[in-house]
Amino acid sequence: MAARTKTAKDRPSYRCTECGWTTAKWLGRCPECQAWGTVEEFGGAPAVRTTAAGRVSTAALPIGQVDSRQATARSTGVGELDRVLGGGLVPGAVVLLAGEPGVGKSTLLLDVAAKAASEDHRTLYVTAEESASQVRLRADRIRAIDDHLYLAAETDLSAVLGHLDAVKPSLLVLDSVQTVASPEIDGAPGGMAQVREVAGALIRASKERGMSTLLVGHVTKDGAIAGPRLLEHLVDVVLSFEGDRHARLRLVRGVKNRYGATDEVGCFELHDEGITGLADPSGLFLTRRDEPVPGTCLTVTLEGKRPLVAEVQALTVDSQIPSPRRTTSGLETSRVSMMLAVLEQRGRISSLGKRDIYSATVGGVKLSEPAADLAVALALASAASDTPLPKNLVAIGEVGLAGEVRRVTGVQRRLAEAHRLGFTHALVPTDPGKVPTGMKVTEVATMGDALSVLPRRSRAQAPQEESARR
């Protein structure tokens, strides 16, 4: 008698309880999410199925006949967020906002939920990390109270969908997607399978109802968005909320945007009464003085398309240890070290090598683009010679290891912003293009040309004074 062969229904199948990956044999480690001990038997192997052609929901049309009015953006009531979104929230769009803990994500979205609520457009705010009373306290503090803003505290996906049927909102805010779970999916909240199911269900609901959705996402210790990468592919817009928790400035950057550009940046100020947009944030990065101070230099950085005037400060003191300190805040340590080497070799400033050097930015802004090199180098040279730079001077340019000053993008935009704020003199690379009327622009090709703005006597005396101190 011939032995009976096992069919697909007889063979066991195994599934990862974390990410939902399935296999025909047991494995100690899931190849998909790299988790150990999560692959368990759950039943017969899935049968191979084929999908037959079915009825279409809507007929295909020439692209010119498609009505684009259904994708018209509606303002959130927060101008800086509208700037990053490309005009506002599109009906049916799903936006993922991710950021570090305590950076102000919940505060911003609660403010958005209140300002977007109206008689014709209800807003539903679902909190899965706090109680409803805790959110109410925050709403009282930031004055985010509106009769058309509904609040619910839920951690179950089916309950969230039930609230959608009851309230019928035009905007849903979920804080956060990692803390909501579906009872039909195995795994703890925040796992790959749960995040995928929750996000998929909310995206389907948004598209079917024409409801805009704002999802709060967690980040890992490396700053990446937590959860499967599929989450970023599914949503329409991905925003990154950045900022030092000890500073007032907050930046919202567009990482992905199906409805607009991703090179826009929104600036916000976090304070005791909540969070407000900054249409002109340059004042946070400047120190107003009657007279110039040695070791300070101004530059214009580009955050997306937005030019911001920022101040670089440097301080040099006699070192008390064999290896002098090099401390930076808001600047890249590697670029500051490069500027020190260029100043010593190309600028002939030998007093920097044996002194403690501290460099920082004002207001918590982080300068990482090469266009700030010239300002960093001039601030260090000014601190070394104890000579202030001319008043109302900005420096823009990348400095190479050969001492040359290279061109950077957006010079005209940077100069226009500096001129608007009242700065009258600028150091820029050669061939800057059209400059603002009434602004004196000095073109510099090398580091030596840039150092000529410092009084020659002070620069010549600096090495001698250093030798006298030794």
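Residues numbered from 1 in each chain as written. Predicted model: local features only at pLDDT ≥ 70, side-chain atom pairs only at ≥ 80, totals over all residues. Heavy atoms only, no water.

S.K.: Any chance you could explain the overall build of the protein here in plain terms?
M.R.: If you tally the helices and strands in the protein, you get 11 helices and 21 strands. Over its C-alpha atoms the protein spans a radius of gyration of 29 Å, topping by over 25% the 23 Å that the globule rule assigns to 470 residues. The C-alpha extent of the protein, read off along each of the three principal axes, is 100 × 65 × 50 Å. Long-range contacts, defined here as pairs at least 24 residues apart, represent 67% of the contacts in the protein between residues at least 6 apart. Working note: accessible area of the protein is about 24,100 Å², and carbon and sulfur atoms make up 50% of it. (Helix = DSSP H or I, 4+ residues; strand = E, 2+ residues; numbered from the N terminus. Rg over C-alpha atoms; globule rule 2.2 N^0.38 Å. Contact = heavy atoms within 4.5 Å. Areas by Shrake-Rupley, 256 points an atom, 1.4 Å probe, with all protein chains shown as cover.)

S.K.: Teacher, can you tell me more about the sheet that holds strand β11 (residues 265-271) here?
M.R.: Note: strands within a sheet are paired through backbone hydrogen bonds, in either parallel or antiparallel orientation. An order of β6-β5-β7-β8-β4-β9-β10-β11-β12 is seen for the nine strands of this open sheet, with the pairing classed as mixed. Unpaired on one side and paired on the other, β6 (149-153) and β12 (274-277) mark the two borders of the sheet. The sheet shows a mean angle of 20 degrees between the axes of neighbouring strands, taken without regard to direction. Here strand β4 (residues 94-99) runs beside strand β9 (residues 237-242); their pairing, made up of five bridges, is parallel. (Pairing = 2+ DSSP bridges. Axes fitted to C-alpha atoms, helices over the stretch in contact; angles between N-to-C directions.)

S.K.: What's the story with the confidence of the model for the protein in this structure? I'm lost.
M.R.: Any region with low pLDDT has predicted coordinates that should not be read closely. Looking at the protein, pLDDT values average 88 and 93% of them are 70 or higher. Residue range residues 1-6 is modelled with pLDDT below 50. Its contacts to residues more than four positions away, or to other chains, number two contacts. (pLDDT = per-residue confidence, 0-100.)

S.K.: Any chance you could explain unusual backbone geometry here in plain terms?
M.R.: For residues besides glycine, phi is generally negative; the peptide bonds are generally trans as well. Cis rather than trans, the peptide bond between Asp175 and Ser176 has omega equal to 5 degrees. As for its placement among the helices and strands, Ser176 is situated in the loop between β7 (171-175) and α5 (192-209). Positive phi, normally seen in glycine, also occurs at Asp386, with a value near 55 degrees. The residue Asp386 is located in the loop between α8 (373-385) and β17 (393-395) in this model. With relative accessibility at 59%, the residue Asp386 sits in the exposed group. Within the chain, Asp431 stands out as a residue other than glycine whose phi angle is a positive 60 degrees. (Buried < 20%, exposed > 50% of the residue type's maximum accessible area, 1.4 Å probe, protein only.)

S.K.: Got a minute to help me understand the nonpolar core in this structure?
M.R.: Here is a general trend for soluble globular proteins: nonpolar side chains tend to be buried in one another's company. Core analysis: the largest hydrophobic core is formed by 46 residues, its most contacted members being Leu343, Leu374, Leu378, Leu380, Leu427, Met447 and Leu451. Within the residue set of this core, elements represented by two or more residues are β10 (249-257), β11, β14 (306-318), α7 (333-345), α8, β17 and α10 (447-451). Ignoring anything within four residues of it in the chain, the contact list for Leu378 reads Cys297, Leu389, Ala395, Leu427, Met447, Ala450, Leu451 and Val453. With 32 residues, the next largest nonpolar core counts Val78, Ala116, Ala139 and Phe241 among its residues. (Core = buried A, V, L, I, M, F, W, Y, C linked by side-chain atoms within 4.5 Å.)

S.K.: What's the story with the packing of helix α2 (residues 105-116) against helix α3 (residues 132-142) in this structure? I'm lost.
M.R.: The description of two helices packed together rests on the angle between their axes and the distance between the axes. Two elements in contact, α2 and α3, have axes whose closest approach is 10 Å; the angle formed by their N-to-C orientations is 70 degrees. Considering their axes alone, α2 and α3 lie roughly perpendicular with respect to each other. Contacts between α2 and α3 involve Ser106, Thr107, Leu110 and Asp111 from the former and Val135, Arg138, Ala139, Arg141 and Ile142 from the latter. For the contact of α2 with α3, the class distribution of residues is four nonpolar, two polar and three charged. (Parallel < 35°, antiparallel > 145°, perpendicular 65-115°, else oblique. Nonpolar A, V, L, I, M, F, W, Y, C, P; charged D, E, K, R; others polar.)

S.K.: Even after reading the chapter, I still don't get the side chain of Asp373, so can you show me in this structure?
M.R.: Within the secondary structure layout, Asp373 lies in helix α8. The residues contacting Asp373, other than those within four sequence positions of it, are Arg335, Met339, Gly397, Glu398 and Val399.

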